[in-house]
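# Summary of the model geometry
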Amino acid sequence: KEPQDDLHPVFKALSSYISPVFLQALTLTFLAEWGDRSQIATIALAPNMNMWGLIVGASLGHSFATSGACIGGRALASKFSEKAVALMGGTCFLVFAILALLDDPDSDFMEAIPSFMRKSSYSMGAADGGDGLVEQA
């Protein structure tokens, strides 16, 4: 029995025109990313940003991160054991968790964003009462 006999009929039909590796990577990445923190962050930025700038920026950012993961993963796999890579990943996760705990939630993230990317001028600082985005005059 061939491994392709167990495939969904749509996937099987598309795989005759498009690389099965591409289809599998597309499907798995889409399903893994659906509803994750980066998508939620993009949704949070959407009301305040230029839509096309946000789409292009988020797409490029995700492409660069995924490319780095693919290239880095192949390089790491040839030099380190899977256990060592998991240990390094876990350590990085803990470091980022500690940094997130130390982060100031009252800081104004809009100051770090170039003005051409903003739809209009907003602020989230404590001076606004800290109750969400407030449009400035």
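### Details of the overall build of the protein chain
- Of the regular secondary structure elements, the protein chain holds five helices and two strands.
- In the protein chain, which comprises 137 residues, the share counted as buried stands at 7%.
- Carbon and sulfur atoms provide 68% of the accessible area of the protein chain, an area that totals close to 11,000 Å².

### Structural notes on the environment of I55
- Topologically, I55 is positioned in helix 4 (residues 51-79).
- Residue classification places I55 among the partly exposed positions, given a relative accessible area of 39%.
- Expressed as a C-alpha distance, the spacing of I55 and T42, which sit 13 residues apart in the sequence, is 8.7 Å.

### Considering helix 2 (residues 20-33)
- In a regular helix each residue adds 1.5 Å, so 14 residues correspond to 20 Å; helix 2 covers 20 Å between its end C-alpha atoms and thus fits that length.
- Positive phi shows up at G35, right after helix 2, with a value of about 85°.

### Some words on a nonpolar patch on the surface
- A surface patch of nonpolar side chains, about 630 Å² in accessible area, is lined by V10, L14, Y17, I18, F22 and L26.
- The set of elements that each furnish at least two residues to the nonpolar patch consists of helix 1 (9-15) and helix 2.
- Mapped onto the elements, L26 comes out in helix 2.
- A relative accessible area of 48% means that L26 is categorised as partly exposed.

### Some remarks on the confidence of the model for the protein chain
- Averaged over all residues, the pLDDT of the protein chain is 77; the fraction at 70 or higher stands at 77%.
- By mean pLDDT, the top-scoring element of the protein chain is helix 5 (residues 82-102) (89), and the lowest-scoring one is strand 2 (residues 134-135) (48).
- In the model, residues 122-134 has pLDDT below 50 throughout and makes 20 contacts with residues more than four positions away in sequence or in other chains.

Rules and cut-offs
Residues numbered from 1 in each chain as written. Predicted model: local features only at pLDDT ≥ 70, side-chain atom pairs only at ≥ 80, totals over all residues. Heavy atoms only, no water. Helix = DSSP H or I, 4+ residues; strand = E, 2+ residues; numbered from the N terminus. Buried < 20%, exposed > 50% of the residue type's maximum accessible area, 1.4 Å probe, protein only. Areas by Shrake-Rupley, 256 points an atom, 1.4 Å probe, with all protein chains shown as cover. Expected span 1.5 Å × (residues − 1). Patch = residues over 30% accessible without salt bridge, like charges linked within 9 Å, V, L, I, M, F, W, Y side chains within 5 Å. Salt bridge = Lys/Arg side-chain N within 4 Å of Asp/Glu carboxyl O. pLDDT = per-residue confidence, 0-100. Contact = heavy atoms within 4.5 Å.

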